[in-house]
Amino acid sequence: MKHLILAKSNDRVTDKAALVEPIRQLFSVAAEIPGVHGAVIYPCCIARDNRYDVMIALDMDKDALPLYDASEMHRLWKREYGDLLEEKAIFDFEM
């Protein structure tokens, strides 16, 4: 399945583009979680107030979601970036 995270920065973030590489580095270890096959980070290419800033697309087995949720990588994502987000949307789908 694909596990998508769409994130919109809050007004504390003055350089949204500067967050992309650190987020990419954080999620670069996603495949170390059993059942997670990898992550791709997509920055938004349109600068508008009604757009999300980044999409994190994880490829994983459905039953890997609890392992992902409990992972140190996920905890670090929430701890380091949670206070910088105005909005976040999660969407899971199968192809």
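It should be emphasised that the depicted structure is a prediction, and the values quoted were computed from it without experimental measurement. (Residues numbered from 1 in each chain as written. Predicted model: local features only at pLDDT ≥ 70, side-chain atom pairs only at ≥ 80, totals over all residues. Heavy atoms only, no water.)

**What about helix 1 (residues 20-27)?**
Helical periodicity: at 3.6 residues per turn, an α-helix aligns residues three or four positions apart in one direction.
Moving on, step 1. Turning to helix 1, its buried residues number three or more, namely V20, I23, L26 and F27. For helix 1, the buried positions fall inside an angular range of 125 degrees around the axis, keeping them on one side. (Buried < 20%, exposed > 50% of the residue type's maximum accessible area, 1.4 Å probe, protein only. Helix = DSSP H or I, 4+ residues; strand = E, 2+ residues; numbered from the N terminus. Arc of directions from axis to C-beta.)

**Here's the deal with a negative patch on the surface**
Moving on, step 1. A cluster of acidic residues, D11, D49, E86 and E87, forms a negative patch on the protein surface.
Moving on, step 2. Residue classification places D49 among the exposed residues on the basis of a relative accessible area of 73%. (Patch = residues over 30% accessible without salt bridge, like charges linked within 9 Å, V, L, I, M, F, W, Y side chains within 5 Å. Areas by Shrake-Rupley, 256 points an atom, 1.4 Å probe, with all protein chains shown as cover. Salt bridge = Lys/Arg side-chain N within 4 Å of Asp/Glu carboxyl O. Lys, Arg positive; Asp, Glu negative; His and termini not counted. Charge placed at Lys NZ, Arg CZ, Asp CG, Glu CD.)

**Let's talk about helix 3 (residues 72-81)**
Moving on, step 1. If you check which residues of helix 3 are buried, you get M73, H74, W77 and Y81. For helix 3, the angular spread of the buried residues around the axis is 100 degrees, confining them to a single face.

**Quick notes on the packing of helix 1 against helix 3**
Moving on, step 1. At a minimum axis distance of 10 Å, the contact between helix 1 and helix 3 shows a crossing angle of 160 degrees. By the angle between their axes, helix 1 is roughly antiparallel relative to helix 3. Here P22, I23, L26 and F27 of helix 1 lie close against helix 3, whose contacting residues are M73, L76, W77 and Y81.
Moving on, step 2. In terms of residue class, the contact of helix 1 with helix 3 is built from 8 nonpolar, no polar and no charged. (Axes fitted to C-alpha atoms, helices over the stretch in contact; angles between N-to-C directions. Parallel < 35°, antiparallel > 145°, perpendicular 65-115°, else oblique. Contact = heavy atoms within 4.5 Å. Nonpolar A, V, L, I, M, F, W, Y, C, P; charged D, E, K, R; others polar.)

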